[in-house]
Amino acid sequence: MKLCTFKVSGATHLGIYTDQYILDLTAADKDLFPDFRSLIRQAKRRNSSLGELVEPVLSKARRLTHDKVTLTLPCVPSEIWGAGVTYTRSMEARKRETRYGEIYDHVYSASRPELFLKDSGVSRYVGPDEFICVRNDSRWTIPEPELGLVLDGDGKIVGYTIANDVSARDIEGENPLYLPQAKIYNGSCSFGPVVATPGEIRSPESLAIRLTITRGGEKTFEGATSTSAMKRRLEEIVSYLKRDNVLGELTLLMTGTGIVPPDDFALADGDLVEIAIDGIGVLRNPVRKL
Ligand code: DO4
Ligand code: MG
């Protein structure tokens, strides 16, 4: 099952996304399904799966064709975290951008992964088709296409999404202590368009990820990887995030990038970034320079 949030006639509803139509869960039962967070909360309270919870309303839920709705952020996370240097490609690219390259060798092979806070509910993130941004003082910013894990308050994976950990390589490369400034600014993250439940994604550790960047109507970069190239297990990353660390009701954990465009590539105003992940869909965002 793929869950989405959409706007219809000025209201925001929760739905089930299919290729043909969207099933309107909120219209079917406003008390039970007002939004994604309530759905997770109800499933936990009743000790039932998301599938069991929505099953009774499936036959009566109205079907909306895609042209009638606008997809928005699928959920509102309490926090967004990122894991870093989880693929060889990311480690190698980072070593080239800085004088302090050995830290990346070290974190790649250490038992403890790199984890950083990307957003703390201040909403520097955007949803599908909204602008991701290049900060005004960066000349070398790239998209980072990543599998996103949606976690409940216990750290259980309740879904998978597509995330873009937009990053300023010049700021990060100048001094690794500048990482928060390279990673956290307005429009530095996007995710969506849906959250696919674990039942939908049978092999999260072998999903193809593709990145396409279009400039002036022409493809300017195309790259691909698979989550099977990730150095760490998903549960391993989650377990470190949970160590002596309270989680909010809903956390988005980005699992690191395995695609990095060539070192002479920088995002520019007007670019279009598209990230596709098997079984989840395509996340599209235009780019704006701040
Ligand atoms: O250490 C820098 C961040 C790494 C990162 O975001 C990634 O590998 O995806
Ligand atoms: Mg990243």
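Residues numbered from 1 in each chain as written. Chains lettered and ligands numbered in written order. Predicted model: local features only at pLDDT ≥ 70, side-chain atom pairs only at ≥ 80, totals over all residues. Heavy atoms only, no water.

Attention now goes to the overall build of the protein chain. The secondary structure content of the protein chain amounts to 8 helices and 19 strands. Taking 19 Å as the expected radius of gyration for a compact globule of 290 residues, we find that the protein chain reaches 19 Å, a close match to that expectation. Counting only C-alpha atoms, the protein chain reaches 60 × 45 × 30 Å along its principal axes. Looking at the 290 residues of the protein chain, the share that counts as buried comes to 56%. Restricting to contacts in the protein chain with at least 6 residues of sequence separation, those with at least 24 account for 73%. For the protein chain, the accessible area works out to roughly 12,800 Å², and carbon and sulfur atoms hold 48% of it. (Helix = DSSP H or I, 4+ residues; strand = E, 2+ residues; numbered from the N terminus. Rg over C-alpha atoms; globule rule 2.2 N^0.38 Å. Buried < 20%, exposed > 50% of the residue type's maximum accessible area, 1.4 Å probe, protein only. Contact = heavy atoms within 4.5 Å. Areas by Shrake-Rupley, 256 points an atom, 1.4 Å probe, with all protein chains shown as cover.)

Both faces of the sheet carry side chains from a regular strand, because those side chains alternate between them. Most of strand β14 (residues 189–196) sits out of view: 8 of its 8 residues are buried. Pairing geometry for strand β1 (residues 2–8) and β14, over 2 bridges, is antiparallel. Bridging across to β14, Leu3 finds its partner in Val195. One ladder, built from 2 bridges, connects strand β8 (residues 125–126) with β14; its direction is parallel. Each bridged residue has a counterpart across the sheet, and for Tyr125 the counterpart in β14 is Cys189. Pairing of strand β12 (residues 157–165) with β14, which is carried by 5 bridges, proceeds in the antiparallel orientation. Paired with Asn164 across the bridge in β14 is Ser190. (Pairing = 2+ DSSP bridges.)

All right, on to the coordination of the magnesium ion (ligand 2) then. For a metal bound by four donors in a tetrahedral arrangement, the ideal donor-metal-donor angle is 109.5 degrees, while six donors in an octahedral arrangement ideally sit at 90 or 180 degrees. Coordination sphere of the magnesium ion (ligand 2), protein contribution only: Glu144 (OE), Glu146 (OE) and Asp165 (OD), at 2.0 to 2.1 Å. Each donor residue of the magnesium ion (ligand 2) belongs to the same chain, and together they define the spacing E-x1-E-x18-D. Taken together, the residues Glu144 in the loop between β10 (141–142) and β11 (145–152) and Asp165 in strand β12 connect sequence positions 21 residues apart. Taken individually, Glu144 and Asp165 each receive the classification buried, so the pair is uniform in this respect. (Donors = N, O, S within 2.8 Å, 3.2 Å for Na, K, Ca; no water.)

In terms of nonpolar packing, the biggest core is built from 49 residues, with Leu149 and Ile280 touching the most fellow members. For this core, the leading source of residues is helix α8 (residues 234–242), giving 4 residues. Not counting residues up to four positions away in its chain, the partners in contact with Ile280 are Lys2, Leu147, Tyr160, Thr161, Ile162, Val194, Ala196 and Ile201. By size, the runner-up hydrophobic cluster in this structure holds 31 residues, among which are Leu32, Ile40, Tyr125 and Ala163. (Core = buried A, V, L, I, M, F, W, Y, C linked by side-chain atoms within 4.5 Å.)

This brings us to the packing of helix α4 (residues 88–96) against helix α5 (residues 102–109). Running from amino to carboxyl end, α4 crosses α5 at an angle of 160 degrees, the nearest separation of the two axes being 8 Å. As judged from the angle between their axes, α4 and α5 are roughly antiparallel. Pair α4 / α5 crosses with right-handed handedness. Of the residues in α5, those touching α4 at Thr88, Met91, Arg94 and Lys95 are Tyr104, Asp105 and Tyr108. (Axes fitted to C-alpha atoms, helices over the stretch in contact; angles between N-to-C directions. Parallel < 35°, antiparallel > 145°, perpendicular 65-115°, else oblique. Left-handed = near helix turned anticlockwise from the far one by under 90°.)

Let's shift gears to the environment of Tyr104. Relative to the elements of secondary structure, Tyr104 occurs in helix α5. Apart from the residues lying within four places of it in its own chain, the contact partners of Tyr104 are Val85, Met91, Arg94, Lys95, Glu97, Thr98, Glu172 and Pro176.

When you tally the buried positions in β11, you get 8 out of 8 residues, the bulk of the element. Every second residue of β11 is oriented toward a common face, with Pro145, Leu147, Leu149 and Leu151 on one face and Glu146, Gly148, Val150 and Asp152 on the other, all of them buried. Looking at chain direction, β11 and β12 are connected through 7 bridges and run antiparallel. Looking across to β12, one finds that Leu149 is bridged to Tyr160.

Around ligand 1 lies a shell of 16 residues, among which Val85, Ser90, Glu114, Lys183 and Thr257 are the nearest. Asp165 places a polar side-chain atom, nitrogen or oxygen, 3.0 Å from an oxygen atom of ligand 1. At 2.6 Å, a side-chain N or O of Lys183 approaches an oxygen atom of ligand 1. Listing elements by their share of the shell around ligand 1, those giving two or more residues are β6 (79–84), α4, β7 (114–119) and α7 (179–183). Tallied by class, the residues present in the shell around ligand 1 amount to 5 nonpolar, 4 polar and 7 charged. (Near = heavy atom within 4 Å. Polar contact = N/O pair within 3.5 Å; in protein donor to acceptor, adjacent residues only side chain to side chain. Nonpolar A, V, L, I, M, F, W, Y, C, P; charged D, E, K, R; others polar.)

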